[in-house]
Amino acid sequence: MKRWLLLFVLLLSTTAHAHKPSDSYLKLHVVDQQISGEWDIALRDLEYAIGIDTNGDGNITWSEVREHRDAIAAFAMHGLKIEGEGECSLQLSDLQIADHTDGAYAALMLAGRCANSPKEITIDYKLLFDIDPTHRGLLNLDFGGVQTVVFSPDRKQIKFHLGGSGALATFLQYLQEGLWHVWTGWDHMLFLGGLMLPAVLRRTRKGWVPVHSLKVAVWDTFRIVTAFTIAHACTLSLAAMGVISLPSRLVETLVAATVIFAGLNNLIPMSQRGLWVLAFFFGLIHGTAIAGALLELGLPTDQRVLALLAFNIGVEGAQLALVCLVVPITYAFRYSTFYRRAVIIPGSVVISVIGMIWLIQRAFEIHLISFGS
Amino acid sequence: MGMLKIRLALFALVLLCSFTATANPYIPQRDDLVLAKVPTRFDPDARALATLRAQLTASPKDLNAAVAYAQAALKIGHARSDPRYYGYAEAALGPWWGLDNAPQQVLVLRATIHQFFHAFDLARVDLDRALLRNPSDVQARLIRATVLQVQGQAELALADCEQLKQQVEPLVAITCAASASSLMGRAVRADALLGFVLEQSKPDATDARLWAETLRAEIAERLGHDELAQTGYQRALETMDALKITDAYLLAAWADFAIEQKQPQAVIDRLKNQTDIDNLLLRLALAEQAKGSDGAELSRHRNMLEARFAAARQRGEAVHLREEAMYQLYLAKHASSALRLAQQDWQIQREPLDALILLRAAKSSQQVDAAKPVIEWIAKTGIEDQRLSRAAGALK
């Protein structure tokens, strides 16, 4: 009986991996006949596969890597074939080093050429699979649009079409998410509603006075909404990139505070001029709050910019649609006292009260109502 | 500043932060710059593995050569918690890997590899077959007992442990049984048995003793006997040090306990050089957060964890669900993400820690219903665990 096997199993089962498993990062760009790219392969994997620690001292140095340039190139190229309506050539143009989370990788700069300008290419990847079937090749291919796939022993050959649906699909998906975020996000709706309710009116010393033209009303609202979106987009992007990270309880509580403010401001004027500046600052807070939701959705790593852009365009689009829908209606009623007494005031009260309940719930983590939170 | 200027500045900011942080390749400045550490030519494990590898390369269809190599690779993989060696073992077993009816040794090795990658159901299939074929296969039975316990089926695990009694040393058999029965409402008895068998066994530091001592500390912690747990963990850590190994399981369990006992500094001292083990990196960050000082270290460690989770996601792997749920709940404070991960984790793993994170995530995201499967599991198994009782109580 082999005792070691017997026991290590027992102590191991629920221990997560210490080291990252073996991955290579292959980035390819195919334009017409030209292929360029970068392929990062872990030095540890190269050592196990072909042996690059020449002096066996356990340290792989830069000169040892360079010494094995040809062997590394031969080993790597054996594991990668590209066909595009005929064979495509692929060579190592330069060898550098890239640092990943788990250590240094050889960065193979690739250059190649296909016989024709292909509309379709097939990539065969089999690097390391024979010595480590848990190895994965993470491909990021730009072939008229970025696509990402993972090569594994079960999926060694993949065909790609020019243009790819990748970028467009991503854009549409996140555009929809952005629209959806506004339509289903009570936080967002109530806050904007609070700011938009009195858009067809101007507060003067004598009280509310209707605006003269629809253009003014729409323009005022547009400014508020857009300032909000820009601020929102900015913090959202920062948070989604992991540049800033605030505890969700704090952020959610602040969001609730902005909702209260938006409602109260219509009842007790606190800020009248430059509501867009206010919307901007509050937008900063709301942006941080929804980053969590967006992260959960999972941003595609290669198309983060596109995804974030699409999401924010979606948000702005939904808001502007709301403006176009609500402002003309409220504009029509701008002279009516009913609108002021029965819509703006009760509406603002409701908004403030909901904001208050949220604030208490979120700040003290107690459950009062289950409306939209 | 005019509105246009503000907007331009903001657009620039958004664009700037949109560039993803990828590794930029570079040419090192010095020839002798050390880029990576690998086993040296004198490393005994690596040398033994290299010899076996050469034999296997000479005759890749030789079952004995493949099994010998795979066992050596798994031994190193275990000692270093390094998944690459599990991959090497899998490759060596290549000619038999796809066979349902593989040779007995291959079944057991394949199950070992499957359970390492948290493919517990696949491991079960192989072990059931191996034990059907040879009911006295000790390794297969011991691994199955472990897998069953991880899957929350302590009763079935206990049955396997009982079968081992005649076949292995008492310390191993009793620890196996105590481990299962302590999850079934018999923790006090399990602890007494463990105490007895530890006293009867030779006091030398062995893997079996380490296992028994770790379990004893865990049982004391679950029963709420904090002082006993404290000394129990200390004893287990001493045994681990005497064995000159790093047992990530023990260190993680102890760290969780020490953080709850408000001793974050002890955790920081012991784990600050263990950042390459994800599990322990998480505990280090938790201890730094609990201590509430040195934000720079904490945020550096948080970024490292994020990067590792992201890398696993890119591969499409789900071996980090529990740790990621803990990260989301305790460090990132995203309760809803934590709950989603904890629920996925519960489908794969059902140990006390998996139950705990699901209960706490359900509480923080105010989704009482999500905790139902765990509450039912607690009632059904009769598990005694103070942390679980408190977390379940908080949901009512």
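Residues numbered from 1 in each chain as written. Chains lettered and ligands numbered in written order. Predicted model: local features only at pLDDT ≥ 70, side-chain atom pairs only at ≥ 80, totals over all residues.

1. Brief notes about the overall build of chain A
Looking only at helices and strands, chain A features 11 helices and 12 strands. Out of the 373 residues in chain A, the part that is buried amounts to 45%. Restricting to contacts in chain A with at least 6 residues of sequence separation, those with at least 24 account for 71%. (Helix = DSSP H or I, 4+ residues; strand = E, 2+ residues; numbered from the N terminus. Buried ≥ 20, exposed ≤ 12 C-beta atoms within 10 Å, placed from the backbone. Contact = placed C-beta atoms within 7 Å.)

2. Focus: the overall build of chain B
For chain B, the count of helices and strands is 22 helices and one strand. Sorting the 396 residues of chain B into buried and exposed places 47% on the buried side. Across chain B, every contact between residues at least 6 apart in sequence was considered, and the portion connecting residues at least 24 apart equals 49%.

3. Brief notes about the packing of helix 15 (residues 264–271) of chain B against helix 16 (residues 278–291) of chain B
Residue and element names in this part refer to chain B. Across the interface, helix 15 lies against helix 16 with an axial gap of 8 Å and an inter-helix angle of 145 degrees. Handedness of the crossing formed by helix 15 with helix 16: left-handed. Contact residues: Pro264, Gln265, Val267, Ile268 and Leu271 in helix 15; Leu280, Arg283, Leu284, Ala287, Glu288, Ala290 and Lys291 in helix 16. Among the residues forming the contact of helix 15 with helix 16, the class breakdown is eight nonpolar, one polar and three charged. (Axes fitted to C-alpha atoms, helices over the stretch in contact; angles between N-to-C directions. Left-handed = near helix turned anticlockwise from the far one by under 90°. Nonpolar A, V, L, I, M, F, W, Y, C, P; charged D, E, K, R; others polar.)

4. Digging into the sheet that holds strand 1 (residues 23–31) of chain A
Residue and element names in this part refer to chain A. One open sheet holds the six strands; their spatial order is 5-6-2-1-8-9, and the pairing between them is mixed. Of all the strands in the sheet, the pair left with one neighbour each is strand 5 (88–100) and strand 9 (146–151). Taking each pair of neighbouring strands and ignoring which way they run, the sheet shows an average axis angle of 15 degrees. As defined by bridge partners, strand 1 adjoins strand 8 (residues 136–142) across seven bridges and the pair is classed as parallel. When the bridges of strand 8 are listed, Leu26 appears paired with Leu139. Packing of helix 4 (residues 69–78) onto the sheet brings it into contact with strand 2 (34–42), strand 5 and strand 6 (103–114), and relative to strand 5 it is tilted by some 115 degrees. (Pairing = 2+ DSSP bridges.)

5. A look at the packing of helix 18 (residues 321–332) of chain B against helix 19 (residues 335–348) of chain B
Residues and elements named next belong to chain B. The geometry of helix 18 relative to helix 19 is characterised by a closest axis approach of 8 Å and an angle of 160 degrees between their N-to-C directions. The angle between helix 18 and helix 19 falls in the class roughly antiparallel. Crossing of helix 18 over helix 19 shows left-handed handedness. Across from Leu321, Arg322, Glu324, Ala325, Gln328 and Leu329 in helix 18, the residues of helix 19 making contact are Ala335, Ser337, Ala338, Leu341, Ala342, Gln344, Asp345 and Ile348. (Parallel < 35°, antiparallel > 145°, perpendicular 65-115°, else oblique.)

6. Concerning the sheet that holds strand 7 (residues 120–125) of chain A
Residue and element names in this part refer to chain A. Taking strand neighbours across the sheet as the criterion, the three strands line up as 4-7-10 in an open arrangement whose pairing is antiparallel. Each end of this open sheet is capped by a strand with a single partner; those strands are strand 4 (80–83) and strand 10 (157–161). The average angle at which neighbouring strand axes cross in this sheet is 15 degrees, direction not considered. Summarising the sheet, strand 7 and strand 10 pair through five bridges and their orientation is antiparallel. Paired with Ile121 across the bridge in strand 10 is Phe160.

7. With respect to helix 17 (residues 295–315) of chain B
Residue and element names in this part refer to chain B. Here helix 17 spans 30 Å end to end across 21 residues, near enough to the 30 Å set by a 1.5 Å rise per residue. Those residues of helix 17 lying buried are His301, Arg302, Leu305, Arg308 and Ala312. Taken end-on, helix 17 shows its buried residues confined to a sector of 125 degrees, consistent with a single buried face. Projecting away from the buried face of helix 17 at angles above 90 degrees are the exposed residues Gly295 and Ala296. Looking at the buried side of helix 17, the elements it contacts are helix 16 and helix 18. Just downstream of helix 17, Gly316 is the residue with a positive phi angle, here 75 degrees. (Expected span 1.5 Å × (residues − 1). Arc of directions from axis to C-beta.)

8. So, the nonpolar core
Core analysis: the biggest nonpolar cluster contains 117 residues, and B:Ala70, B:Ala73, B:Ala89, B:Ala92, B:Leu358, B:Leu359 and B:Ala361 have the highest contact counts within it. In this structure B:Ala92 touches B:Leu56, B:Ala66, B:Tyr69, B:Ala70 and B:Ala73, once residues within four positions along its chain are discounted. A:Leu197, A:Val225, A:Leu308 and A:Ala318 belong to the second largest nonpolar core, which has 52 residues in total. (Core = buried A, V, L, I, M, F, W, Y, C linked by C-beta atoms within 7 Å.)

9. Details of the environment of A:Leu110
All names here are of chain A. Following the sequence through the fold, Leu110 ends up in strand 6. When the C-alpha atoms of Leu110 and Met77 are compared, they prove to be 9.9 Å apart, with 33 residues separating the residues in sequence. If sequence neighbours within four positions are ignored, Leu110 has contacts with Ile35, Ser36, Gly37, Glu38, Trp39, Leu90, Leu92 and Ser93.

10. Regarding helix 2 (residues 44–58) of chain B
All names here are of chain B. Between the first and last C-alpha of helix 2 there are 21 Å, a value that for 15 residues agrees with the 21 Å anticipated at 1.5 Å per step. The complete set of buried residues in helix 2 reads Leu49, Leu52 and Leu56. With its buried residues spanning 65 degrees around the axis, helix 2 presents them on a single face. In helix 2, the exposed positions that point more than 90 degrees away from the buried face belong to Pro44, Ala54, Thr57 and Ala58. Check the buried side of helix 2 and you find it contacts helix 3 (63–80) and helix 4 (83–92).

11. With respect to the environment of B:Val125
Residue and element names in this part refer to chain B. Along the polypeptide, Val125 turns up in helix 7 (residues 120–133). Classification of Val125 as partly exposed rests on a count of 15 C-beta atoms within 10 Å. Sequence separation between Val125 and Leu107 is 18 residues; the distance between their C-alpha atoms is 9.2 Å.

12. Some points on the pairing of strand 6 of chain A
All names here are of chain A. Pairing of strand 2 with strand 6, which is carried by nine bridges, proceeds in the antiparallel orientation. Paired with Trp39 across the two strands is Leu108, which belongs to strand 6. Pairing geometry for strand 5 and strand 6, over 12 bridges, is antiparallel. Following the sheet pairing, Ile97 is matched in strand 6 by Ala106. Hairpin geometry of strand 5 and strand 6 is characterised by an intervening segment of two residues between the two adjacent antiparallel strands.

13. Describing the confidence of the model for chain B
Residue and element names in this part refer to chain B. Overall, the prediction assigns chain B a mean pLDDT of 89, with 94% of residues at 70 or greater. In the predicted structure, residues 1–21 sits below a pLDDT of 50 and forms 18 contacts with residues beyond four places in sequence or in another chain. For this predicted complex, the interface score ipTM comes out at 0.79, while the overall pTM is 0.69. (pLDDT = per-residue confidence, 0-100.)

14. Re unusual backbone geometry
With glycine set apart, most residues show a phi of negative sign, and most peptide bonds adopt trans. Residue and element names in this part refer to chain B. At His118, a residue that is not glycine, the phi angle is positive and equals roughly 60 degrees. Tracing the backbone through its elements, the reader meets His118 in the loop between helix 6 (104–116) and helix 7. The class for His118 is buried, based on 23 C-beta atoms found within 10 Å. With phi around 55 degrees, Gln366 is a residue other than glycine that occupies positive phi space.

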